[in-house]
Every structure is written in structure tokens, then in C-alpha cells.
Amino acid sequence: MGKGGQDYGKGETLENKLTSKEDIFPAWAIDVRECEEKFGVNREYGLSADEVEKRRQIYGWNELEKHEGQSILRLILDQFNDTLVRILLVAAVVSFVLAWYDGEEGGEMEITAFVEPLVIFLILIVNAIVGVWQENNAEKALEALKEIQSEQATVIRNGKRVSNLPAKELVPGDIVELRVGDKVPADMRVLSLISSTLRMEQGSLTGESEAVSKTTKVVPEDTEIQGKKCMVFAGTTVVNGNCICLVTQTGMNTEIGKVHLQIHEASQSEEDTPLKKKLNEFGEVLTAIIGVICALVWLINVKYFLTWEYVDGWPTNFKFSFEKCTYYFEIAVALAVAAIPEGLPAVITTCLALGTRKMAQKNALVRKLPSVETLGCTTVICSDKTGTLTTNQMAVAQLVAMGHRSSIRTFNVEGTTYSPFDGKIEDWPVGRMDANLQMIAKIAAVCNDAGVEQSGNHYVVNGMPTEAALKVMVEKMGHPDGLDSGSSSANGDVLRCCQTWNKLERRIATLEFDRDRKSMGVIVSSSSGRKSLLVKGAVENVLERSSFVQLRDGSVVELDQTTRDTILQSLQEMSSSALRCLGFAYKEDLRDFATYNGDEDHPAHGLLLDPSKYISIETELIFVGFAGLRDPPRKEVRQAIEDCRAAGIRVMVITGDNKNTAEAICREIGVFGSHEDIRTRSLTGREFMDLADAKNHLRQSGGLLFSRAEPRHKQEIVRLLKEDGEVVAMTGDGVNDAPALKLADIGIAMGIAGTEVAKEASDMVLADDNFSTIVAAIGEGRSIYNNMKAFIRYMISSNIGEVASIFLTAALALGFNPPDKVIMKKPPRRSDDSLISLWILFRYLVIGLYVGIATVGVFIIWYTRDSFFGIDLSGDGHSLVTYSQLSNWGQCHSWENFSVSPFTAGSQVFNFDADPCDYFQSGKVKAMTLSLSVLVAIEMFNSLNALSEDGSLLTMPPWVNPWLLLAMSISFGLHFLILYVPFLAKVFGIVPLSLNEWLLVLAVALPVILIDEVLKFVGRCTSGVPTSSKHKAE
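Keep in mind that this is a model prediction, so the values were computed, not measured.

Pairing is mixed in the open sheet, where 8 strands are placed in the order β12-β30-β29-β28-β13-β25-β27-β26. Where the open sheet ends on each side, the last strands, each with one partner, are β12 (364–366) and β26 (682–684). Across the sheet, the axes of successive neighbouring strands diverge by a mean angle of 20°, strand direction being ignored. Direction of pairing for strand β28 (residues 728–732) relative to strand β29 (residues 746–750): parallel, over a ladder of 4 bridges. Bridging across to β29, M730 finds its partner in G747. Of the strands in this sheet, β25 (650–654), β26 and β27 (704–707) touch helix α24 (residues 659–669), which is tilted by about 155° from β27. Most of the contacts of helix α27 (residues 711–723) go to β28, to which it runs at about 160°, and overall it touches β13 (380–383), β25, β27 and β28.

Turning to α24, a few remarks are in order. Those residues of α24 that sit buried are T661, A662, E663, A664, I665, C666 and I669. For α24, the N-terminal capping position is held by N658, with its side-chain oxygen 3.2 Å away from the main-chain nitrogen of N660.

Here we come to the side chain of T684. Along the chain, T684 turns up in strand β26. Not counting residues within four places of it along the chain, the set of residues in contact with T684 comprises K659, S707 and R708.

Overall, the coordinates contain 1 disulfide when judged by the stated rule. One disulfide bridge connects C892 with C917, the sulfur atoms lying 1.9 Å from each other. Every disulfide takes its handedness from the sign of the S-S torsion; for C892 and C917 that torsion is -90°, giving left-handed. Here C892 is found in the loop between α33 (883–887) and β33 (903–905), whereas its partner C917 is found in the loop between β34 (908–910) and α34 (925–945), with 25 residues between them in sequence. Take C892 and C917: they sit in the same class, and that class is buried. With no disulfide of its own, C35 lies closest to C230 among cysteine sulfurs, the gap being 7.6 Å.

Attention now goes to the packing of aromatic side chains. We describe a pair of aromatic rings using the distance from one ring centre to the other and the angle between the two ring planes. Applying the stated criterion across every chain, the model contains 23 aromatic pairs. Both rings, one in F411 and one in W428, keep their centres 5.1 Å apart while their planes meet at 75°; by these two values the pair is edge-to-face. Here W428 lies in the loop between β15 (408–412) and α16 (435–446) and F411 lies in strand β15, a separation of 17 residues in the sequence. Note on W428: relative accessible area 10%, which makes it buried. Ring centres of F941 and F972 lie 6.3 Å apart, and the angle between their planes is 50°; this geometry places the pair in the tilted category.

Rules and cut-offs
Within each chain, residue numbers correspond to sequence positions counted from 1 in written order. Whole-chain, interface and lining totals are the exception, using all residues; otherwise, since this is a predicted model, local features are given only for residues with pLDDT of at least 70 and side-chain atom pairs are given and counted only at 80 or more. Note that water and hydrogens are dropped before the side-chain values are worked out from all heavy atoms of the structure. Following DSSP output, two strands are said to pair if at least two bridges run between them. Only DSSP runs of H or I with at least four residues qualify as helices, and only runs of E with at least two residues qualify as strands; both kinds are numbered from the N terminus onward. Whenever a helix is involved, its axis is fitted only over the stretch in contact; in every case the axis is a line through C-alpha atoms, and angles between N-to-C directions fall within 0 to 180 degrees. A contact between two residues is defined here by any heavy atoms of the two lying within 4.5 Å. Whether a residue is buried, partly exposed or exposed follows from its accessible area with a 1.4 Å probe, protein chains only, as a fraction of its type maximum: under 20%, in between, or over 50%, in that order. Polar contacts, as counted here, are pairs of nitrogen or oxygen atoms within 3.5 Å of one another; within protein the pair requires one atom able to donate a hydrogen and one able to accept it, and residues that are adjacent in sequence qualify only if both atoms are side-chain atoms. In what follows, a disulfide is any cysteine sulfur pair within 2.5 Å. Stacked, edge-to-face and tilted labels apply to pairs of Phe, Tyr and Trp rings (six-membered ring for Trp) whose centres lie within 6.5 Å, assigned for plane angles under 30 degrees, over 60, and everything in between, in that order.

No statement about biological role is implied by the geometric values presented.
Dropping the structure here:
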């Protein structure tokens, strides 16, 4: 064993110290030396190779687990775990068997007989493929999470520094060195700082809006993740400083590992969408209805295949005809198939896909089709703050400069992004900056290590966001008279003013920021060779070390208590508005550095090598002003919140940021009133988890805020809301948002600032990261939902009509083989009982009954009448029969002297001299064609009824939806095509119709509009509601 083991490994094993692999050792609450002892390691030597191997046997590799997803076969089978799909599958199998049976019994075994089952099978296969594809996408969130892990690390082992060690080989107890730009490879305890300061960007994990300073000091054991200042977490990034750390947790035991596990658990507990639940309910009801009606049809016709005689009051001499029994079973199956919306998945997919395209035009990119409809049902939006309600770009909101004597001046700074052209400074003396304002601009531009570059239409930052915001402020301040160099820099025109100041004041030394003095300073040399010190930092600290103040005219006076109090009062007001304030000061009397030019041999250079002496250099400063910065809310958010409130949608803000900042933002965007008492509405994540009745807290009307929220808090909030019957949309952009995004009914990720983890866990991605886009998408989702209801209104009445046609045919014992099932069906539509009222259902039943009567009635009219309402039907020369003969056509061979004349259909002549009774078999082709044409026409006219649930066609005429008129034209065009193209007419078993026969079709079909208009009028009168304008034709 190496030295690390020799020093700390005796007497007690690591397993005993940490109890078990699953226990979390609270390293943040333990002193550095004690942590080293607990993990049996010395920071100078690290772990030995043997010790590393032993620990790997205990803790495994430092990587996230790969959860085995469901097999492809299991995923495919799951696609058929749906009531409607099972109904369709049974219908397809029965249709296929009957088609095959008919062929075996002597019928023609043609492909047309198998069109119906083949179409249904094809629809089910496509539906299964789409479902499997979506299920596979669910696992991508876990893969994306692995991408943010560090791949390499610099480690101390066996007393040697090992660079580029694969991060997966780390074990608890390893000593790791971190430098600027490094991605943290595991959860680690900070042992010592090599630089004077260490700052981490961990917002994607914790939700904090700015980089966080880290120290070696212990914190209480029950501290939340944001407060663990002595810990660095896997997947976060070092933005400033160097340090030595001790690995405490690896793999799935890290904070990011917990997120990984939560995402996996959330994906396992995904519930059906509201649409799927309604469709399942509809499928169950449909199954029962179809079963009852099929049994009823079969029972009505039982006398035709089962007969008996009564002897002494008892039935005897039973006779059973298997052929007729099968025949009427086929009729019952035909009725069932007519009732089943076999293409319902395709119709829903098409409707949702059209909605997806519309949403994409509004910057809402839908990743999962069902989320389109779910969005329209949303009742609660749980929104992250940073990057969603705010820009996630620091910006100066207020600038405080000195006035005359003890007065100050305050300027409001517009803009919410890093663009120098986003807004201006109110009441700014453009081109006439006084000496005090010039000094502020100089310090903000030169005492600054950040950069801003333009990338496409966006501006991106290099360095600290707060420093970048100061440079953007300098650009908005502009050049004072005589200082515009007119030259362009490497950054083009983006930071032109800052470049000018940096040319005038050349930096020769930097006094790095540290956590003790809370300031940063730079020593600069002007073009004249004069040296000066420029300082920025926490206002209180800079003010404490200031002895003088620069006034508006540039004069310097002693900083008296009155001026100090005025500055502190202004600071207090800005801090209460959740602004982060940075003060500016300078010093010109630098005796030690008067001749310093950066030379390491200069006597003053030694002062710069010792950070503890920086504070002695930054004394007797001249205070010039300060700026208030924040992560500003998006401009459109306030109106979007108002729109949500008007739409009955509650907005809850869940953020990892601190409470004061979050409350200030919520007041500004309208979640809370400016003077509203929010003590019961604003809680931290821990306070919420400690509530005795958390559900009751969530039931409060109006907005709620949860700050300092961890991933588990977000998940719990979403879970409780869903249990309470809410449809929850969760927004977010960070890794910490991913579990809740996965668990919510609809997860919405940010497209620009969002991490890949959040995007892959979401159902929808906002291309513009704008909260207001969600509100627009919800409106679109509601519109799509109304359009689905229009489909339902149309198909319920049409399907009832098809069922009624077959039912009436069977009940009247006409006993004809129905037309080809593909012809008697319309394109798939959906139906859902839960979406309609009893009155609407009654209306659909009336309309459906008329469709059935009209379809069967035109059949009877052709056989029994030579005219109808003045329309001459005798032109084709067909013979008339009585209704009694038609209904008892099976007894035709027993009729004496029965004969019929030939009739024409287009260029065809149908002659029945050989067998007059064939008039009811092959001769039914004209009557069948009329029935089919009436069904097509009546469904097209009925689609106009579906434009509005209760509005008349007089107030919502057909041309409000030109696409519907186009679809009707195409449908009629296709029908004409199969009628008048001989080959197609033969395939579909129909014949051409004459002009008078088309007039008959229209006379029978058009009343469907009049009937529904009357029913709508009755509905409006009885409900007292005027014509609805909410149903928009899409």
C-alpha cells in the first residue's frame, strides 16, 4: 500500500468508515483534514494503484448506468395494448377469414375481397412503427446526460501527477486538480485553492443564474445543494481559478447520477395522454355497442337460418342452415366494420401533424405528436425562471453616478440581452459625458476580462456574464466627445467603445478577485505614462476602502458620512429589488508602481505575487459610482402571464435561484402583484417538502413560487399536481429540470439555452426560448382540439348512418350482399363519447338515422318507383316491383309469371331472360350504386354540418374553410372517377349514373343539412346560447 494507505488506512477499512456504497458521506460538513482521514488518502501522494483497484471493486466505474430498455418485440406488442387497436385487429382478422371463406366456397378469390383487412393491417403496422420510434426516443435523454460528463481528469496517484486519466477510472478518495475550463469529473470536496478564487458554472444543475464562488469552509450538513460552497459537482464547469479536490462520490451516486435515475424513473411512470385516455374510454364503449348491435342483428334474422315447428305447444323439428347462418354473420360483421373507425389512428396522426406544422411556424417544435393535443388541455404551467422567464443573460438595469457634493444620479438602463443595441440608457447625455461618467465607463471597460461576440442573430459571452454585462453597458454609454477612435477592433463594432478605452489605458497588472476583499483591480498605464489603479467589486467592500469620492465635474473630495449614507441607502433599495450591485473606484497615487511597466525585476512586482497584499494596494480609493445587474425577465413574459390567467391556466415558478431574486422577478412579470402579501405563496423547495398538506398548498388560486428547488422538489410538485387531476406543462432548460420534464404531461425545453439533456427529456422544444411562445402554442393546441371535435361531429353521424344502413337492410331482410366494404367506408374518423353532450349525441343519432334511411331508401325507390318528386327514373327501362316482392326476393322462384325487362347503365345492358330472379342479384348493381352515391354525397354535405357545433351555416358559411370545400371536391372527383372509368367501375362493382339519377341522389342527400339546421336552431333556443363563435374552421 502506498503512503496514502500507510498514513490513513490502518485499523479501519474504508468500507467500515463509510458504512456502505449507498451511504452519502457529508463531506461538505466535515473539515478538510478529517475528510482526508475518512477517505484514507493524503493529498500530496494520492491513492496507490492497489487501493484504487480495491475501491473500484466497491464503487465500480465512474460512469452512469445504462438502463436496459424494452426489447423491440416488447415495444411492438405494447403498441397493441390499446382498446381501439385490439378492436381493429379483431375486425381485420374476421374480415380476412370471411373473405377467404367466401373464396373457398366458390366465390371469386380476388384481391379486392381482401382490401378491407389489408388496409386495416397496414394502418396498424404504421401505427406500431410510429409508436416504437417514439418509445426509442425516450431513452435519448439518458444518453444526452452522459454527454455532459467529463472524459478526462488530472489526478494525483502514487505521488505523481497523472494528466488525462480517463474520468471513468476515478474512485472515491482520488485527488483531482481542476483548472479553468475543466469539466468536473465527479462530485468532489474542495481541499485547497491554488488561485485566490474559484468560481463554478453550475446553473444547469442547480438553476442558479450566475457563476458560484467555492471555498474550503464547511457548511451545515442539512445545507441544500446550492449552499454547498465547498463542493463541486460532476458535469459543472470551472470558469475561474484552480484548486485541489477530493473525490467523494462517483457514477450514479453523484448529483448528476441522481438526475439520471430520476429521469429513468419518470420515463417508467409515464401516463397516457388525455387524448389516449379518452380514446380508450371510447373504445370500451364502442366495443359494447358493437357487440350488442351485432347480436341484435343476428337475432333479428335467426328465423332465416333456424326454423322449427310447434307440436303440443313445444318447438320441435329444428332445421338449421349453416350457409345462411354464416351469411347473416357476415352482415353482422359488416355492421361492426361500418361502426369501427378503422383509420382513427391515421386521422388523429394527420390532425396532430397539421397542428405540429402550425406550431413550428410559431417557434414551438413538437417532438411527440400526442403532446399537441395535451398542450391544449394544460391547466398548470410549472415554469423554470432562469432562461425561461428570464433571458439567462446578465444585464445592467441601473447605473448610479455621483452628482454635486453628497447627491447621486440614477440612470435606468434598458435591454435584456448581451446585444449592445438592445435598448438605451434613459436620460443619457449622449456625447456629453461628464468626467464622473467617463471614469465609470473606463473602469467597467478596462477592469474586465469578458468579451462579447456576435454569432448569427445572437450575442455570446466569453468569460463572466456580469463582466460581459458591464461591457455592454459601456457600449450603450457611448464615446464622449473627442474619444471616438473610429477604428474597428477584432470584435468589429460589437465592443467598439471598450476597445477605445483599452487603447487609452493599457493594462500592465491584474489584482485577481478573491473572496476576502471581494474586488478585482487592474493597474493601467495611460498614453502619458501615468499609472493608476482601477477597481470594481462588492459595493460595501469598495466603499469601505474608499477615502474620497469623485463628483460630477471630476473634482475629488473627501468621502464624508453623509455621502456614504446616501450611497448605502441607494444600494439597499437596489438590493431589495434583487439587483446584484458592483461598485467602481480608482486610485492615481501609486507610489510603489509609479515606474512599474510589468517587469518581473521591478521591486513592486513582488507585491503582485502575494494576493494577501492586494488589499493594502486597494486602499484610499476614490469612489465613482456603482451598477445594478440582474438576469432580466423577457419582455413578452408579462403579457403571456396575463394571457394564461385569462385562459384559466395557473402559472407556478419553480427555480433553483435564491428566494429574493425569484420574488422580485415574479412581481415584475405579474405572477404576484407589486404589493401582494406572498408569504404563503413563496416557499423554498425544502419548506414545501416540510408542509403537512402539500396538495392543499398547490390548490391555491393564482401564482405560486418555489425557490431553491432541487430536482426532487420539482418532481414532487409535478407528481402532486397530476394526482390532483391537473394537466401539467413543465418548462426548463437545465439538467436539473430533466426529471420533471419527463414526468410532466408535457415537458417543454428551451431550444437555444437548453441543455441536450432537457431537450431529449421534453415533448416540445421552444426554438426562441420564449415563455410567450408556450401561450401561443396552447392556443394552437386548443384550436387543434376543436378541429378534432369537428372530425368527431362529422364521423359520429356518418358512422351511425352506415350502421343504420346495414341494420335496416338486415331488419327488412333484403338480404343483399352489401357493396364492397372499401366503397361503403369513408376515410377514417375519430369518435369519443366524452367529448359530446347528451343533446349533441341525440342530434347525431337523428342525423345518423336519416343517413341510414336515405341510403336504404334510395335502394328501395329505384326498385319500386318510376319517379320521385318529379324526377323521372324510368329512362333506363328497369322493371318495377312491389315493396313486398323486394323484401321477400328469396321466394322469387315460386312466383308465377314473374318477368323483368332489360335496363341500361351507361353503355351496358343488363338482360334477365335466362333467370328473371337474377334481377335481385346481379341486377342490384344500379340500386347499389345509387346507395353508395347517396352515402358519399350525404357524408360530404354532413361535413358542412360539422363546421360548427351549434352555429348555423348562415353564420358560418362553407367558404370559411376553403380546405374543406377542396376536400369535398376531391372526394366527389374520386367518386366520379370510379363511376365513369370502366375499369375502375368494374373493380368496385358499380355502374355509371344518368343525370336524373344524380338529381335523385341530391334530392335524398341534401335534406341532411336542413335537418341539422333545425336541430341546431332548437339547441340554441333551448340553451339560450347564441351561435358559437368559438369553433373556428381550420
